[in-house]
Amino acid sequence: MSDPIVGTAVAKSADADDPEAEKVARGLLIRVLGPSADAIDEALGRYTAYRVRNVGSIIERADAKSRDSIETRKVVNPRVAHVLLEGGSYCDDELMTDYLGGVLAGSRTPHGRDDRAVAWSGVVTSLSTLEVRAHYLLYREWAARLHGMDDLNLGISEDRYMATMDVELGEFLPALIQDIEVPAQDALGHSIPGLIRVGLLENEYYIGPRENTGEPDPKFEHLLRVMPSVIGLELYGWAQGLPGLSPGDFPAKAVAFDLEDAIPRLAGVLFPNLPDRATA
């Protein structure tokens, strides 16, 4: 196999143009992409340093999320490599890069014929930074707090209703807009309806004072109430590097993964339809 120029480009973009760093970068690309590394050589040669750095970050995250040993011979479908890295090269947000790295890691198969990641990379790159942040904050809590509830089948609409989650707005909003220059109310009005519009949350949701829910003993003054969707659960699996995670397996296999610069977990979380449960 020829040495892909992307390895050289990634090394140089990181100001690491010595031969050893170049060798490491090339080895990383070959390990993650397999023969598909050659398929993006020409495109990477036209990329700006900004785009090359973003590609390098995605590939590094894919390598970290890979569930295979270095010796396992798995490759990425060439179409997946092109579509994901072409769109992802414009993404410099750490969380979006992490999601794309998970999708890329999950796309590796023995013969490189699985191209499902084309669709999932399109989903991720079509989202705004706020929408990806909202998806992560919410589904990470579902992954952590529903873990081990084997009697909860999230593939069934009734059980997804049981997994309805209340989040304290006073905590959720600062986490949503951290380092993002959008007013809190605009961010909330954009991200939640946006996720619903593309099927990443169920249609039923509520934002406002808890007293308006008509429930006794309010725990939060203001809350966001949301329900997980089949597509949203599956996307979280791909972001984790776990392709084809079924909603039914979500409580058993989904985990609360972190970024290098970890975003703190949400503490103000309740499950009104699961009393005395899901408190992890």
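The structure we're discussing is the one just above.
Residues numbered from 1 in each chain as written. Predicted model: local features only at pLDDT ≥ 70, side-chain atom pairs only at ≥ 80, totals over all residues. Heavy atoms only, no water.

Engineer: Where do I start with the side chain of Arg108 in this structure?
Structural biologist: Structurally, the position occupied by Arg108 is in the loop between helix H7 (94-106) and helix H8 (117-126). According to the relative accessible area criterion, Arg108 is buried, its value standing at 8%. Separated by 3.1 Å, the side chains of Arg108 and Ser66 make a polar contact. (Helix = DSSP H or I, 4+ residues; strand = E, 2+ residues; numbered from the N terminus. Buried < 20%, exposed > 50% of the residue type's maximum accessible area, 1.4 Å probe, protein only. Polar contact = N/O pair within 3.5 Å; in protein donor to acceptor, adjacent residues only side chain to side chain.)

Engineer: What am I meant to see in the pattern of salt bridges here?
Structural biologist: Should the charged atoms of two oppositely charged side chains come close, the side chains can pair. Here the structure, examined in full by the defined rule, presents 14 salt bridges. Note that Arg197 is salt-bridged to Glu131, the shortest N-O span being 3.6 Å. Separated by 66 residues along the polypeptide, Arg197 in helix H12 (residues 184-197) and Glu131 in helix H9 (residues 129-145) bring together distant segments of the chain. Exposure remark for Glu131: the relative accessible area of 4% places this residue in the buried category. The shortest N-O distance in the salt bridge between Glu202 and Arg160 comes to 2.9 Å. In this pair, Glu202 is assigned in the loop between H12 and strand E2 (206-209) and Arg160 in helix H10 (residues 157-162), connecting sequence segments 42 residues apart. One continuous salt-bridge network, built from bridges that share partners, spans Arg61, Lys65, Asp98 and Glu260. (Salt bridge = Lys/Arg side-chain N within 4 Å of Asp/Glu carboxyl O.)

Engineer: For this particular structure, what's the right way to read unusual backbone geometry?
Structural biologist: Residues other than glycine predominantly adopt negative phi, and peptide bonds predominantly adopt the trans conformation. You will see that Asp179, though not glycine, has its phi angle at about 65°, which is positive. Relative to the assigned elements, Asp179 resides in the loop between helix H11 (169-177) and H12. Residue classification places Asp179 among the exposed residues on the basis of a relative accessible area of 74%.

Engineer: Sorry if this is basic, but what is going on with the environment of Ala184 here?
Structural biologist: By secondary structure assignment, the location of Ala184 is in helix H12. Once the C-alpha coordinates of Ala184 and Phe172 are considered, the two residues, twelve residues apart in sequence, prove to be 10.0 Å apart. Setting aside anything within four residues of it in sequence, one finds Ala184 in contact with Leu173 and Ile177. (Contact = heavy atoms within 4.5 Å.)

Engineer: Would you take a moment to explain the environment of Val269 for this structure?
Structural biologist: With respect to the helices and strands, the residue Val269 is situated in strand E4 (residues 269-270). Put simply, Val269 and Phe172 are 97 residues apart on the chain and 9.7 Å apart in space, counted from C-alpha to C-alpha. With residues near it in sequence (within four places) discarded, Val269 still touches Glu141, Arg145, Met165, Asp166 and Phe220.

Engineer: Please explain the sheet that holds strand E3 (residues 222-226) as it appears in this structure.
Structural biologist: Sheet strands line up and pair through hydrogen bonds in the backbone, either parallel or antiparallel. An order of E2-E3-E1-E4 is seen for the four strands of this open sheet, with the pairing classed as antiparallel. The open sheet has two free edges, formed respectively by E2 and E4, since each of these has just one partner strand. Against the sheet, H11 contacts strand E1 (165-168), E2 and E3, and its axis sits at roughly 75° relative to E1. (Pairing = 2+ DSSP bridges. Axes fitted to C-alpha atoms, helices over the stretch in contact; angles between N-to-C directions.)

Engineer: Explanation requested: the packing of aromatic side chains in the structure shown.
Structural biologist: One pair of aromatic rings is described through two measures. These are the centre distance and the angle between the planes. Per the stated rule, a full pass over the model turns up six aromatic pairs. When the ring of Trp120 is compared with that of Trp238, the centres are 6.4 Å apart and the planes differ by 25°; the resulting orientation is stacked. Pair noted here: Trp120 is in helix H8 and Trp238 is in helix H13 (residues 230-239), with a separation of 118 residues, a long-range link. Looking at Trp120, the relative accessible area reads 12%, which means it is buried. Residue classification places Trp238 among the buried residues on the basis of a relative accessible area of 0%. Every member of this aromatic cluster is reached through a ring pair, and the members are Tyr99, Tyr136, Tyr236, Phe250 and Phe257. (Phe/Tyr/Trp six-rings, centres within 6.5 Å; stacked < 30°, edge-to-face > 60°.)

The quantities given are spatial measurements derived from coordinates; they are silent on function.
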